[in-house]
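One letter stands for each residue in the lines below.
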Amino acid sequence: MFHSLSSNPSHPYARLLVIILGLVIILYGALRFLTFSSMNNSLSLNHDLMQSFETARQGYPELEHITIRVVFHDMGDRYFGNALPLVPWVLLKPEKRRYVINVDTFKTNGMNAIDQAPFDAQVGFFAHELAHIYEYHTADRLHLTWLGIEYMVRSGRTQHEHFADEEAIRRG
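What you see is a predicted model; the values in this text were computed from it and never measured.

Undergrad: Explanation requested: the overall build of the protein in the structure shown.
TA: Across its full length, the protein carries seven helices and six strands. N-terminal to C-terminal, the α/β element order of the protein is α-α-β-α-β-β-β-β-β-α-α-α-α. Across the 172 residues of the protein, 38% fall into the buried class. Looking at the protein alone, contacts between residues at least 24 apart form 72% of all its contacts between residues at least 6 apart. Entry remark: accessible area of the protein is about 10,400 Å², with carbon and sulfur atoms responsible for 60%.

Below, the structure written as structure tokens:
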């Protein structure tokens, strides 16, 4: 049965299967986001980080009116940062979605690592994460679900990370 679904993407159950898998992935991601240890939403962008974020955001005029929160918390050793659509807004039309850029609070010499990075590196970090948001924002619900499924596979994750790098470079 599964073989017939995968070989015929127009099969009526194929779309349902992709939606169900996507919802499972979205719920998993939401639970991971909500259970990060020592989450600290009280931290906010300092003036320098706000400047680097706004500089990066200028390269994405189509995201100008989109709500994007920057949240600082301990992400463990997995990521320096990531960008995600917020649940339940992920289910809405793109123009109503909201997003979050998570920034790791990893410290060196008593300061957050991102605070110690040069301005251009900060801009590059935010431009990369904004490229992910751009990709999410231009996707319909089914495509966004598929992006989540692809991201769970190493080759898919690599493909999306390369896209974000290239898009950030392309936009300056």
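Undergrad: Explain the nonpolar core here, please?
TA: In globular proteins that are soluble, nonpolar side chains generally tend to be buried together. Formed by 28 residues in total, the largest nonpolar core has its most connected members in Ile 68, Ile 101, Val 103, Phe 126, Leu 130 and Ile 133. Where this core is concerned, the elements lending two or more residues are α3 (47-57), β2 (67-73), β4 (98-104), α5 (119-137), α6 (141-151) and α7 (154-170). Take this core: its biggest share by element is eight residues, from α5. Leaving out residues up to four positions away in the same chain, Ile 68 has contacts with Phe 53, Arg 57, Tyr 99, Ile 101, Leu 130 and Ile 133.

Undergrad: Even after reading the chapter, I still don't get the pattern of salt bridges, so can you show me in this structure?
TA: Two side chains carrying opposite charge are able to pair once their charged atoms lie near each other. This structure, assessed with the given rule, holds three salt bridges. One salt bridge connects Glu 167 with Arg 170, and the closest N-O pair in it is separated by 2.7 Å. With Glu 167 and Arg 170 both in helix α7, this residue pair falls three residues apart, about one helical turn. Residue Glu 167 is classed as buried on the basis of its relative accessible area of 8%. Note on Arg 170: relative accessible area 59%, which makes it exposed.

Undergrad: Explain the packing of α3 against α5 to me, please; I cannot follow it from the model alone.
TA: Each packed pair of helices is defined by two parameters, the angle between the axes and the distance between the axes. One way to put it is that α3 packs onto α5 with a least axis distance of 8 Å and a crossing angle of 50 degrees. Put simply, α3 runs oblique to α5. Classified by chirality, the crossing of α5 by α3 is right-handed. Here Asp 48, Leu 49, Gln 51, Ser 52, Phe 53, Thr 55, Ala 56 and Arg 57 of α3 lie close against α5, whose contacting residues are Phe 119, Gln 122, Val 123, Phe 126, Ala 127 and Leu 130.

Undergrad: Looking at this structure, I do not really get the packing of α6 against α7. What am I missing?
TA: One way to put it is that α6 packs onto α7 with a least axis distance of 6 Å and a crossing angle of 115 degrees. Judged by residue contacts, Leu 147, Glu 150 and Tyr 151 of α6 engage Gly 156, Arg 157, His 160 and Glu 161 from α7. Across the contact of α6 with α7, the residue classes break down as two nonpolar, two polar and three charged.

Undergrad: Help me understand the packing of aromatic side chains in this model?
TA: Two aromatic rings, taken as a pair, are described by how far apart their centres are and by the angle between their planes. With the rule as written, the count across this model stands at four aromatic pairs. Pairing Tyr 60 with Tyr 134 gives two aromatic rings, centres 6.5 Å apart and planes at 50 degrees, and the pair type is tilted. Of the two residues, Tyr 60 sits in the loop between α3 and β2 while Tyr 134 sits in helix α5, which places them 74 residues apart along the sequence. On the basis of relative accessibility, which here comes to 1%, the residue Tyr 60 falls in the buried class. An angle of 85 degrees between the planes, with centres 5.3 Å apart, marks the rings of Phe 80 and Phe 125 as edge-to-face.

Undergrad: When you look at the pairing of β4 in this model, what are you seeing that I'm missing?
TA: β4 sits mainly inside the fold: six of its seven residues count as buried. Taken together, the seven bridges between β2 and β4 define a ladder with parallel strand orientation. Within β4, the residue paired with Ile 68 across the bridge is Tyr 99. Taken together, the five bridges between strand β3 (residues 81-85) and β4 define a ladder with antiparallel strand orientation. In the sheet register, Asn 82 faces β4, and the bridge partner there is Asn 102.

Definitions and limits used
Residues numbered from 1 in each chain as written. Predicted model: local features only at pLDDT ≥ 70, side-chain atom pairs only at ≥ 80, totals over all residues. Heavy atoms only, no water. Helix = DSSP H or I, 4+ residues; strand = E, 2+ residues; numbered from the N terminus. Buried < 20%, exposed > 50% of the residue type's maximum accessible area, 1.4 Å probe, protein only. Contact = heavy atoms within 4.5 Å. Areas by Shrake-Rupley, 256 points an atom, 1.4 Å probe, with all protein chains shown as cover. Core = buried A, V, L, I, M, F, W, Y, C linked by side-chain atoms within 4.5 Å. Salt bridge = Lys/Arg side-chain N within 4 Å of Asp/Glu carboxyl O. Axes fitted to C-alpha atoms, helices over the stretch in contact; angles between N-to-C directions. Parallel < 35°, antiparallel > 145°, perpendicular 65-115°, else oblique. Left-handed = near helix turned anticlockwise from the far one by under 90°. Nonpolar A, V, L, I, M, F, W, Y, C, P; charged D, E, K, R; others polar. Phe/Tyr/Trp six-rings, centres within 6.5 Å; stacked < 30°, edge-to-face > 60°. Pairing = 2+ DSSP bridges.

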